[in-house]
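Close look at the chain arrangement
Below, each chain spelled out in residue letters.
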Amino acid sequence: MNKPILQVTGYQNSGKTTLMMELIEEAARQGWTVASLKHHGHGGTPSLSEDLKDSDRHRRAGALAAGVEGGGVLQITAAKENWQLEEILALYRSLPVDLLLVEGYKQAEHPKIVLIKEEKELNLLDQLQNIQAVISWQPLSVKNQGYPVFLLEEKETYKSWFVRYVKDCFFAQ
């Protein structure tokens, strides 16, 4: 059986890493083991100072494993030309975890939470597939697309949604 995967996507500086930490902490409170993967979307190889700091924050939040990928380098240190998300996930699937949380990889097909910081970023919602929820920094005028829209300040509400979503979609027998 494939492990459940949930993505957190959005533009740069939209709060993805902070949200990942919140979801990892909530998963740990639920008794779930979680692994995280961060996509280094700025081109080139990941920076040891910044990207490892973020993945270290993921581990401190409770992730069993955390990594970062960019420019062909996956830091759980392995290097190969042009890593594909599915290749990386194959490695992660061997870990004894209940859930994989992926930060970035906007165009991947997995279920995702999208962060929107400004109204001008709404075009992202038309470009992505498999959106399960949107978390926005400000009230949005979003047509009903069949997914909930939360304000960033509604932490308890979107964390409750996250727990229900994971239980209903991934852990339901």
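A brief report on the enclosed structure follows. Residue numbering note: each chain is counted from 1, following its sequence as written. Since the coordinates come from a predicted model, pLDDT governs what is reported: local features require at least 70, and pairs of side-chain atoms require 80 or more to be given and counted, while whole-chain, interface and lining totals use all residues. Only heavy atoms go into the side-chain values, all of them from the structure, while hydrogens and water stay out.

**Structural notes on the overall build of the protein**
- For helices the rule is a DSSP run of H or I covering at least 4 residues; for strands it is a run of E covering at least 2, with both sets numbered from the N terminus onward. Assigned secondary structure in the protein consists of five helices and nine strands.
- In the protein, the succession of helices and strands from N to C terminus is β-α-β-α-β-β-β-α-β-β-α-β-β-α.
- Across the 173 residues of the protein, 49% fall into the buried class.
- It only takes one pair of heavy atoms within 4.5 Å for two residues to be counted as in contact. Restricting to contacts in the protein with at least 6 residues of sequence separation, those with at least 24 account for 58%.
- Here the protein has roughly 8,800 Å² of accessible surface; of this, 47% comes from carbon and sulfur atoms. When a residue's accessible area, from a 1.4 Å probe over protein chains only, is under 20% of the maximum for its type it is buried; when over 50% it is exposed; and in between it is partly exposed. All accessible-area figures derive from a Shrake-Rupley calculation using a 1.4 Å probe, and residue coverage is judged against the displayed protein chains alone.

**Description of the pattern of salt bridges**
- Any carboxyl oxygen of Asp or Glu that lies within 4 Å of a side-chain nitrogen of Lys or Arg is treated as forming a salt bridge with it. Enumeration according to the criterion identifies six salt bridges in this entry.
- Residues K155 and E22 are paired through a salt bridge, measuring 3.0 Å at the closest nitrogen-oxygen approach. With a gap of 133 residues between them, K155 in helix α5 (residues 155-171) and E22 in helix α1 (residues 16-29) connect regions that are remote in the sequence.

**Concerning the side chain of T17**
- Along the chain, T17 turns up in helix α1.
- On the basis of relative accessible area, T17 is assigned to the buried category, the value being 12%.
- Not counting the four nearest positions on each side in its chain, T17 is found in contact with K38, D54, R57, H58 and E103.

**A look at the nonpolar core**
- Residues L19, L101, I113 and F162 are the most contacted members of the largest nonpolar core, which totals 26 residues.
- Every element with two or more residues in this core is listed here: β1 (5-10), α1, β6 (99-103), β7 (112-116), β8 (131-136) and α5.
- In terms of residue count, α5 provides more of this core than any other element does, seven residues in total.
- Not counting the four nearest positions on each side in its chain, F162 is found in contact with L6, L23, E26, A27, W32, L99 and L101.
- The term nonpolar core refers to a set of buried residues drawn from Ala, Val, Leu, Ile, Met, Phe, Trp, Tyr and Cys, joined through side-chain atoms within 4.5 Å. Core analysis: the second largest hydrophobic core is formed by 15 residues, I5, W83, L85 and Y92 among them.

**Here's the deal with the packing of aromatic side chains**
- Two aromatic rings from Phe, Tyr or Trp, using only the six-membered ring of Trp, form a pair when their centres are within 6.5 Å; if the ring planes differ by under 30 degrees the pair is stacked, by over 60 it is edge-to-face, and anything between is tilted. Inspection of every chain in the model, using the stated rule, returns six aromatic pairs.
- A cation over an aromatic ring shows up here: K117 above the ring of W137, its NZ or CZ 4.5 Å from the ring centre. We call a charge positioned above a ring when the Lys NZ or Arg CZ atom is no farther than 6 Å from the ring centre and deviates by at most 35 degrees from the ring normal.

**As for the environment of R29**
- Along the chain, the position of R29 falls in helix α1.
- For R29, a relative accessible area of 53% puts it in the exposed group.
- A polar contact is formed between the side chain of R29 and the side chain of E26, at a distance of 3.0 Å. Pairs of N or O atoms within 3.5 Å make up the polar contacts considered here, provided that, within protein, one atom can donate a hydrogen while the other can accept it, and that residues adjacent in sequence are counted only when both atoms are side-chain atoms.

**Observations regarding the side chain of K16**
- Relative to the assigned elements, K16 resides in helix α1.
- Two residue types count as positive, namely Lys and Arg, and two as negative, namely Asp and Glu; His and chain ends fall outside the count. Here K16 occupies a buried position and makes no salt bridge, while the nearest side chain of opposite charge, E103, is found at 5.2 Å.
- There is a polar contact of 2.9 Å between the side chain of K16 and the backbone oxygen of Y11.
- Those residues in contact with K16, other than ones at most four positions away along the chain, are V8, T9, G10, Y11, E103 and L115.

**Examining the pairing of β7**
- Of all five residues in β7, five are buried, a share of seventy percent or more.
- Residues of β7 alternate between two faces, with K112, V114 and I116 on one and I113 and L115 on the opposite face, all of them buried.
- Strand pairing requires that DSSP identify at least two bridges connecting the strands. Here β1 runs beside β7; their pairing, made up of four bridges, is parallel. Looking across to β7, one finds that V8 is bridged to I113.
- Here β7 runs beside β8; their pairing, made up of five bridges, is parallel. Across the sheet, residue V114 finds its bridge partner in β8, namely V134.

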